[in-house]
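Commentary on secondary and tertiary structure
Take a look at the letters that make up each chain.
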Amino acid sequence: MKAAITTTAKYLPEEVLTNKDLERILDTNDEWITTRTGIRERRILRDPKKATAYMATEVANSLLEKRGISADEIDLIIVATMTPDMIFPSTACLVQGNIGATNAWGFDLSAACSGFVYGLHTGAQFIESGNCKKVMVIGADKMSSILDYEDRTTAILFGDGAGGVILEAAKEDGYGVLDARLYSDGLNGPNHLLMSGGGSLHPASHETVDQRMHFIRQDGRQVFKAAVTAMADVAVEMMERNGLTSDTIDWLVPHQANQRIMHATAERMGLPEEKVMMNIQNYGNTTAGTIPICLAELDEQKKIQTGSNLVLVSFGAGYTWGGVYVRW
Ligand code: ACO
């Protein structure tokens, strides 16, 4: 039996950082940010005592509450993140402890912006194999913790946030996570989007701090070119593999990195704009959080029903990218 998404939830910090706010600290402007990216504002988790595990825990608690189950029913917790609270222990262990999921095991998954689709496909395997009955897949990132607010090419793009789902066996054939195609390109990706400091190659030192190596660095143009092709290619591949058309797809749920990348993907699919889930204007790029936050909003707004066809596509550092076909 395939794995179905039975519950969705999201968490966004309350504090809003607008483009106008950024104008005060960077040589940028609202018009540039809006036209180049589609972003108007993003959320920031300012409290230094709260980080990714806090947001992921908020999502996990909402998932339990919405599903009406207790934490000990969860078998597996996958947290996709590139901003774990610490390199170890894993964020998944922190979440497990916070919610008291005493019967669960868990791990963090590192695939940057593609973390959630990687996690969804991975979690689905544990349901399909019968190994687990209830799996939580959470995407969470406190991007403000690795942003250089002196670098206008990256600081404007990202926000903090988290979202997640519970996966369980679908009640009927033909529903659930029906297909997935995941890719990575470690030959061309690594130099274009990375945070080089703090790992075993460049452990934290005065030098890494002085060289600002604990911040995200991106060659935006290169990443844009790669993303626009890869996301559209995998979206079309999902359509062809599953006999989907622009009429039968209800929603394209793309990773929210840039409105222009999302439009280009929809155009290649022949999909009208009203079938593209877009909330980048409100939250910016929350990395592993974007797709589950989109799912939670669609679900809350009752825009998806049993039988809705969703194509999820992502692209991120690595490079990593992929598509997932879900019949709700
Ligand atoms: N405000 C004003 N001007 C700016 C800003 C800014 N914030 N940032 C750059 N500029 C300037 C540049 O200096 C450049 O000036 P120049 O022409 O005088 O040299 C000009 O604007 C154009 O810069 P580009 O980098 O060519 O702008 P582009 O249209 O490519 O947009 C952007 C930049 C938004 C970063 C885009 O390239 C993009 O979205 N890239 C992909 C991001 C992405 O998908 N990331 C993957 C996911 S992230 C993850 O995995 C963690």
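Along each chain, the written sequence defines residue order, and numbers are assigned to residues from 1. In keeping with the model being predicted, local features are shown solely for residues with a pLDDT of at least 70 and side-chain atom pairs are shown and tallied solely at 80 or more, while totals for entire chains, interfaces and linings include all residues.

**Notes on the site of the ligand**
Put simply, the rule is: Using a C-beta atom placed from the backbone for every residue, we mark a residue as near a molecule or strand if that atom lies within 6 Å of it. A run of DSSP states H or I qualifies as a helix once it reaches four residues; a run of E qualifies as a strand once it reaches two. Both are numbered from the N-terminal end. Under the scheme applied, nonpolar residues are Ala, Val, Leu, Ile, Met, Phe, Trp, Tyr, Cys and Pro; charged residues are Asp, Glu, Lys and Arg; polar residues are all the others, including Gly.
Around the ligand, the surrounding shell holds 23 residues, and the nearest of these are Thr-28, Cys-113, Gly-220, Ala-257 and Gly-316. At the level of elements, helix H2 (30-37), helix H6 (152-155), helix H8 (220-242) and strand S12 (309-316) are the ones that each hand at least two residues to the shell around the ligand. With 5 residues, H8 is the single largest residue contributor to the shell around the ligand. Residue classes in the shell around the ligand are distributed as 12 nonpolar, 8 polar and 3 charged.

**Some remarks on helix H5 (residues 115-128)**
Going by this rule: Helix span is expected to be 1.5 Å times the residue number reduced by one. Exposed residues have 12 or fewer other C-beta atoms within 10 Å of their own C-beta, buried residues have 20 or more, and residues in between are partly exposed; the C-beta atoms are placed from the backbone.
Taking 1.5 Å per residue as the helical rise, H5 with its 14 residues ought to reach 20 Å, and the 20 Å between its terminal C-alpha atoms agrees with that figure. When H5 is considered as a whole, its buried residues turn out to be Gly-115, Phe-116, Val-117, Tyr-118, Gly-119, Leu-120, Gly-123, Ala-124 and Ile-127. Where H5 terminates, the next one or two residues include Gly-130, which has phi positive at roughly 85°.

**Here's the deal with the UniProt feature "domain: Beta-ketoacyl-[acyl-carrier-protein] synthase III N-terminal" (unreviewed entry) in the chain**
We apply this condition: UniProt positions are given in the numbering used here, feature names are shortened, and annotations may be inferred rather than shown by experiment.
UniProt's entry tags residues 107-186 with the feature "domain: Beta-ketoacyl-[acyl-carrier-protein] synthase III N-terminal" (unreviewed entry), counted in the numbering of this structure. Between the end C-alpha atoms of residues 107-186 the distance is 22 Å, and the span holds 22% helix and 38% strand.

**A few points about the domain arrangement of the chain**
Counted only if it meets this: Domain start and stop positions are those given by an automatic or database domain assignment.
Assigned domains of the chain: these are domain 1 (3-169) and domain 2 (176-327). For domain 1 and domain 2, the distance between their C-alpha centres works out to 14 Å. When contributions to the side of domain 1 that touches domain 2 are tallied by element, the ones reaching two or more residues are strand S1 (3-11), strand S3 (41-43), H5, strand S6 (135-142), H6 and strand S7 (160-169). Per element, the largest residue contribution to the side of domain 1 that touches domain 2 is 7 residues, and it comes from H5. Each residue belonging to the side of domain 1 that touches domain 2 can be placed in one class, and the counts come to 24 nonpolar, 14 polar and 9 charged.

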